[in-house]
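Coordinate analysis (summary)
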Amino acid sequence: NAGVTQTPKFRVLKTGQSMTLLCAQDMNHEYMYWYRQDPGMGLRLIHYSVGEGTTAKGEVPDGYNVSRLKKQNFLLGLESAAPSQTSVYFCASSYQRGNFNEQFFGPGTRLTVL
Amino acid sequence: AQTVTQSQPEMSVQEAETVTLSCTYDTSENNYYLFWYKQPPSRQMILVIRQEAYKQQNATENRFSVNFQKAAKSFSLKISDSQLGDTAMYFCAFMTVTQGGSEKLVFGKGMKLTVNP
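What comes next concerns the included structure. Predicted model, so just to flag it, every value in this text is computed and none were measured.

Cut-offs and rules
- Residues numbered from 1 in each chain as written.
- Chains lettered and ligands numbered in written order.
- Predicted model: local features only at pLDDT ≥ 70, side-chain atom pairs only at ≥ 80, totals over all residues.
- Heavy atoms only, no water.
- Disulfide = S-S within 2.5 Å.
- Helix = DSSP H or I, 4+ residues; strand = E, 2+ residues; numbered from the N terminus.
- Buried < 20%, exposed > 50% of the residue type's maximum accessible area, 1.4 Å probe, protein only.
- 1 Å grid on protein atoms, 1.4 Å probe; cavity = no way out; pocket = protein on both sides within 12 Å on 5 of 7 lines; lining within 4 Å.
- Points joined across faces, edges and corners; volume = space filled by probe spheres on them.
- Nonpolar A, V, L, I, M, F, W, Y, C, P; charged D, E, K, R; others polar.

Put plainly, two cysteines are in a disulfide when a covalent bond ties their sulfur atoms together. For the structure on display, the rule yields two disulfides over all chains. Each sulfur of the disulfide joining C23 of chain A and C91 of chain A lies 1.9 Å from the other. Residues C23 of chain A and C91 of chain A share a disulfide whose torsion about the S-S bond is about -75°; that sign makes it left-handed. Placement of the pair is C23 of chain A in strand β3 (residues 19-25) and C91 of chain A in strand β9 (residues 87-94), with a sequence separation of 68 residues. Of the two residues examined, C23 of chain A and C91 of chain A, each falls in the buried class. The residue that forms a disulfide with C23 of chain B is C92 of chain B, at a sulfur-sulfur distance of 2.0 Å.

Shown next as structure tokens:
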């Protein structure tokens, strides 16, 4: 099992450019999440999905869109990148087995917006 | 809203010594989970230990143990026999259930632990 993988690992964008971050998991998890981590901060939830075809907003959703067309993939899109979106982005996934399921994290994507 | 506070931004300890990382949280919920995650320089988030709020017994995982004080809303992590590989950022996190039915983690700001030889 590869677990949770993220593509790309690094990316530099110019202000106003768009891009999509891909998260893939091979554990057949129902739940998937996107977080961002800024210096001196813990991870903050951007968007999440409880299943294929469903998405919902987290704590800091502005400027991002997501899609979950397949159960194993969760895409995070930036339509018009801004310097404030410079961050490390983490994807996570978990089972749906009662409450409080462990989230498994990907290795992160470092995004710089100039 | 739930908040997690890690008041110590940085600590250092000598190899083989014991160190305690502090964490406090704020919630009005009665049932929740608490976690400690480790983030080494590789950036990978690694679960260290978890605690169920309704369990009074403190969780332990080998050299790692917690001191869970529910009334005080305190959740500290003790690392015994510190090893060089324990050098990392440590995040305390609180898990709650979202309106959509999934779970979300609320993280503290983290604490940088350095283990010196």
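So, next bit.
A few words on the layout of surface pockets. Roughly 320 Å³ of volume is contained in the largest pocket. Those elements that place two or more of their residues in the lining of the largest pocket are β9 and β11 (109-113) of chain A together with β10 (88-97) of chain B. With three residues, the single largest contributor to the lining of the largest pocket is β11 of chain A. Of the pockets and cavities examined, the second largest pocket occupies roughly 280 Å³. Broken down by secondary-structure element, the contributors of at least two residues to the lining of the second largest pocket are β5 (43-51) of chain A together with β1 (3-5) and β11 (103-107) of chain B. With four residues, the single largest contributor to the lining of the second largest pocket is β11 of chain B. Residue composition of the lining of the second largest pocket, grouped by class: eight nonpolar, four polar and four charged.

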